[in-house]
Amino acid sequence: MRHLIASKDFRAGFVEMLPACIGLTPFGLVCGVGAAAAGANWLAALGMSAIIFSGAAQILAAQLVAVDAPLLVIVLTCVVLGLRFLMYSAAMAPYLKPLPARWQKGLAFLLTDQAFAAAVRRFDSSDDRHGAGLHFLGSGVALWTVWQITCMTGFLVGNLIPTSWSLEFAVPLCFIALVAPLFRDSPSVIAAITAGVAVLLLNELPMRL
């Protein structure tokens, strides 16, 4: 681990992701509060954030646990929410192919919306796959570490946070900040507009489908 921290690419990825980590702090607090509201103990809450490592999946899993939903329903719900990572993985596969298998598996666990956006930019701007992989790892470690801290903070002191703060509003703002810089050509702009219109038109579908 020491040689990774000593790598300038790892450190650059870690530091570059810190602003996104700050933006995700309210989201992590909400997830922690959700785990506490579902009746989880601190160990279960930590396990959810450390293993699932997905805000949307954690929140819905906690809600389903709170209403005693069957385990299969909880698992399938998390799987459906994670389907977008199939697209992320397909996009990342050509970049990661030259790296050793253990690197590919480790980076796959750390793949998030934020890490994906940062990694694609880095891989596109450099032919150094190993350096870009270290940058990806640094970004993922920063996100994972801050996520554990914020989720547990929300679990332990979430009852002190006023509901009037509407922390959940930080979630869409964070995603907007991530994708906006990627709108550089007509196809990406058209895709964004199409997605936005579809969300508005299909908003009334049952169970948030």
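Residues numbered from 1 in each chain as written. Predicted model: local features only at pLDDT ≥ 70, side-chain atom pairs only at ≥ 80, totals over all residues. Heavy atoms only, no water.

(A) How the structure looks around the overall build of the protein. Scanning the protein from N- to C-terminus turns up 11 helices and zero strands. Sequence-ordered secondary structure for the protein, helices as α and strands as β, is α-α-α-α-α-α-α-α-α-α-α. For the protein, the residues scored as buried account for 37% of the 209 residues in total. Counted over contacts in the protein with a minimum sequence separation of 6, partners at least 24 positions apart contribute 80%. Counting only carbon and sulfur atoms, one obtains 72% of the accessible surface of the protein, whose full area is about 12,400 Å². (Helix = DSSP H or I, 4+ residues; strand = E, 2+ residues; numbered from the N terminus. Buried < 20%, exposed > 50% of the residue type's maximum accessible area, 1.4 Å probe, protein only. Contact = heavy atoms within 4.5 Å. Areas by Shrake-Rupley, 256 points an atom, 1.4 Å probe, with all protein chains shown as cover.)

(B) Up close: the layout of surface pockets. In this structure, the second largest pocket spans a volume of roughly 470 Å³. Grouping the constituent residues of the lining of the second largest pocket by class yields 15 nonpolar, five polar and two charged. (1 Å grid on protein atoms, 1.4 Å probe; cavity = no way out; pocket = protein on both sides within 12 Å on 5 of 7 lines; lining within 4 Å. Points joined across faces, edges and corners; volume = space filled by probe spheres on them. Nonpolar A, V, L, I, M, F, W, Y, C, P; charged D, E, K, R; others polar.)

(C) View of unusual backbone geometry. For Phe 53, which is not glycine, the phi torsion reads 50° and is therefore positive. For Phe 53, the location among the structural elements is in the loop between helix 3 (42–52) and helix 4 (55–66). Unlike most non-glycine residues, Asp 68 shows phi in positive territory, near 60°. Of note, Asp 68 is situated in the loop between helix 4 and helix 5 (71–81).

(D) View of empty space enclosed by the protein. Scanning the model with the defined rule gives two cavities of 30 Å³ or more in all. As a volume, the largest cavity reaches approximately 40 Å³. Of all the secondary structure elements, the ones that give two or more residues to the lining of the largest cavity are helix 2 (8–37), helix 3 and helix 9 (129–157). Split by residue class, the lining of the largest cavity holds six nonpolar, two polar and no charged. In this structure, the second largest cavity encloses a volume near 30 Å³. As for the second largest cavity, its lining consists of Cys 21, Leu 24, Leu 143, Val 146, Trp 147 and Thr 150. Listed by contribution, the elements that provide at least two residues to the lining of the second largest cavity are helix 2 and helix 9.

(E) Expanded view of the environment of Gly 133. Looking at the element boundaries, Gly 133 is found in helix 9. Distance in space between the C-alpha atoms of Gly 133 and Phe 10 is 8.4 Å, their sequence separation being 123 residues. Setting aside its immediate chain neighbours within four residues, Gly 133 contacts Leu 99, Trp 103, Leu 107 and Phe 123.

(F) Seen up close, the pattern of salt bridges. Applying the stated criterion to the full structure yields three salt bridges. For Arg 122, the salt bridge is made with Asp 9, and the minimal N-O distance between the two is 2.7 Å. Within this pair, whereas Arg 122 is found in helix 8 (residues 113–125), its partner Asp 9 is found in helix 2, the two being separated by 113 residues in sequence. According to the relative accessible area criterion, Arg 122 is buried, its value standing at 18%. In this structure Asp 9 comes out as buried when scored by relative accessible area, which is 14%. Linking Asp 113 and Arg 84 is a salt bridge whose minimum nitrogen-to-oxygen distance equals 2.9 Å. One end of the pair, Asp 113, is in helix 8; the other, Arg 84, is in helix 6 (residues 84–96), with 29 residues separating them in the sequence. Since its relative accessible area comes to 24%, Arg 84 is described here as partly exposed. (Salt bridge = Lys/Arg side-chain N within 4 Å of Asp/Glu carboxyl O.)

(G) Main features of the packing of aromatic side chains. Enumeration over the complete set of coordinates arrives at five aromatic pairs. Geometrically, the ring pair formed by Phe 27 and Trp 147 is edge-to-face, given 5.6 Å between the ring centres and 80° between the ring planes. Highlighted residues: Phe 27 in helix 2 and Trp 147 in helix 9, separated in sequence by 120 residues. You'll find Phe 27 and Trp 147 in the same group, each marked buried. Taking 5.1 Å as the distance between ring centres and 20° as the angle between the ring planes, the aromatic pair formed by Tyr 95 and Phe 123 counts as stacked. With Tyr 95 in helix 6 and Phe 123 in helix 8, this pair connects stretches of sequence that are 28 residues apart. Each member of the pair Tyr 95 and Phe 123 is classed as buried. Chaining the aromatic ring pairs together yields one cluster made of Phe 85, Tyr 88 and Phe 116. (Phe/Tyr/Trp six-rings, centres within 6.5 Å; stacked < 30°, edge-to-face > 60°.)

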